[in-house]
Amino acid sequence: MELWNEIITEKSYNLLIELKKITNFVLIGGWASWLYSQTAKSKDIDIYINFDDFFKLQNFFINKGIAINFNRKLNKYEIKTEEIDIDIYTPDHCNLIISCKEVFNKKMFKNVNGFDVVLPEVLLLLKLDAEKERHDTIKGFKDRIDILSLVYKTRLDKSLLSKLSTEYKVDLKIIREIITKSSKEYSYFFTKSENLRELKKLKIELIEKIK
């Protein structure tokens, strides 16, 4: 079951593969979550990128007649099309709770199926911060799917998660709230989600995973 139109997610993934061939970047956002959990695909692309690689990316889109715009208010670069949005964060321009510069300097990423992706513990904190900002929107709903499926399907390093949550001032109790209060979100990755007993058991398991 997909949240977004399958034709659009396929176009987005194909573009992602094309970008990987011409430049280096670190994935965050929905596609990073999908690479870890294989749950819900994304229609948008979110990346951290260094300066040299940013210019390669810029040339790629210029050749396609597409401009990369700078969003001064949100301190990021972006490309907006009718179907796919691309958010681009550089060491000097990043408004996220864990910055592009820190991810590169501390090597907080690893290779997953051919893509450089932020560590799952980093991704979880980024997703928690995003969900807080857009809780009542469809993107907030997708954030919760990503958060829950990351906890469910990924082996998280509890000590690293605790260290990062302290460093970046993220209250991990929010995860517990998302686990207990979510309902329909589970249907995207848990086949027994309509069985209330099984769903209750899963919620207990997920809470144990983050203790």
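Residues numbered from 1 in each chain as written. Predicted model: local features only at pLDDT ≥ 70, side-chain atom pairs only at ≥ 80, totals over all residues. Heavy atoms only, no water.

Draft legend 1. Quick peek at the overall build of the chain. From N to C terminus, the chain includes nine helices and seven strands. Relative to the 2.2 N^0.38 estimate, which gives 17 Å for 211 residues, the radius of gyration of the chain is 17 Å and therefore close to what a compact globule would have. Expressed as lengths along the three principal axes of its C-alpha atoms, the size of the chain is roughly 55 × 40 × 30 Å. Counting only residues that meet the buried cut, the chain has 52% of its 211 residues in that class. Partitioning the contacts of the chain with sequence separation of at least 6, the portion at a separation of at least 24 is 64%. Of the charged side chains in the chain, 37 are positive and 32 negative, and the gap between their average positions amounts to 4 Å. (Helix = DSSP H or I, 4+ residues; strand = E, 2+ residues; numbered from the N terminus. Rg over C-alpha atoms; globule rule 2.2 N^0.38 Å. Buried < 20%, exposed > 50% of the residue type's maximum accessible area, 1.4 Å probe, protein only. Contact = heavy atoms within 4.5 Å. Lys, Arg positive; Asp, Glu negative; His and termini not counted. Charge placed at Lys NZ, Arg CZ, Asp CG, Glu CD.)

Draft legend 2. Examining the layout of surface pockets more closely. Here the largest pocket defines a volume of roughly 730 Å³. Lining the largest pocket are 31 residues, with Asp46, Asp87, Tyr89, Ala130 and Arg134 sitting closest to its centre. Those elements that provide at least two residues to the lining of the largest pocket are α2 (29-37), β2 (45-48), β4 (76-80), β5 (85-89), α5 (120-133) and α6 (138-153). The element best represented in the lining of the largest pocket is α5, accounting for six residues. Grouping the amino acids of the lining of the largest pocket by side-chain chemistry returns 11 nonpolar, four polar and 16 charged. Here the second largest pocket defines a volume of roughly 170 Å³. Around the second largest pocket, the lining residues are Lys11, Leu15, Glu18, Phe61, Lys64, Ile66, Ile79, Thr81, Glu83, Ile84 and Ile86. The greatest single-element share of the lining of the second largest pocket, amounting to three residues, is contributed by helix α1 (residues 6-22). For the lining of the second largest pocket, the per-class residue count stands at six nonpolar, one polar and four charged. (1 Å grid on protein atoms, 1.4 Å probe; cavity = no way out; pocket = protein on both sides within 12 Å on 5 of 7 lines; lining within 4 Å. Points joined across faces, edges and corners; volume = space filled by probe spheres on them. Nonpolar A, V, L, I, M, F, W, Y, C, P; charged D, E, K, R; others polar.)

Draft legend 3. Representation of the nonpolar core. Grouped together as the largest cluster of nonpolar side chains are 65 residues, with contacts concentrated most on Leu27, Tyr48, Ile88, Val122 and Leu124. A total of six residues in this core trace back to one element, the largest contributor, which is α5. In contact with isoleucine 88, other than residues within four places in its own chain, are Ile47, Ile49, Phe54, Leu57, Ile68, Lys76, Tyr77 and Ile79. Formed by six residues, the second largest nonpolar core is a distinct cluster that contains Leu3, Trp4, Ile145 and Tyr188. (Core = buried A, V, L, I, M, F, W, Y, C linked by side-chain atoms within 4.5 Å.)

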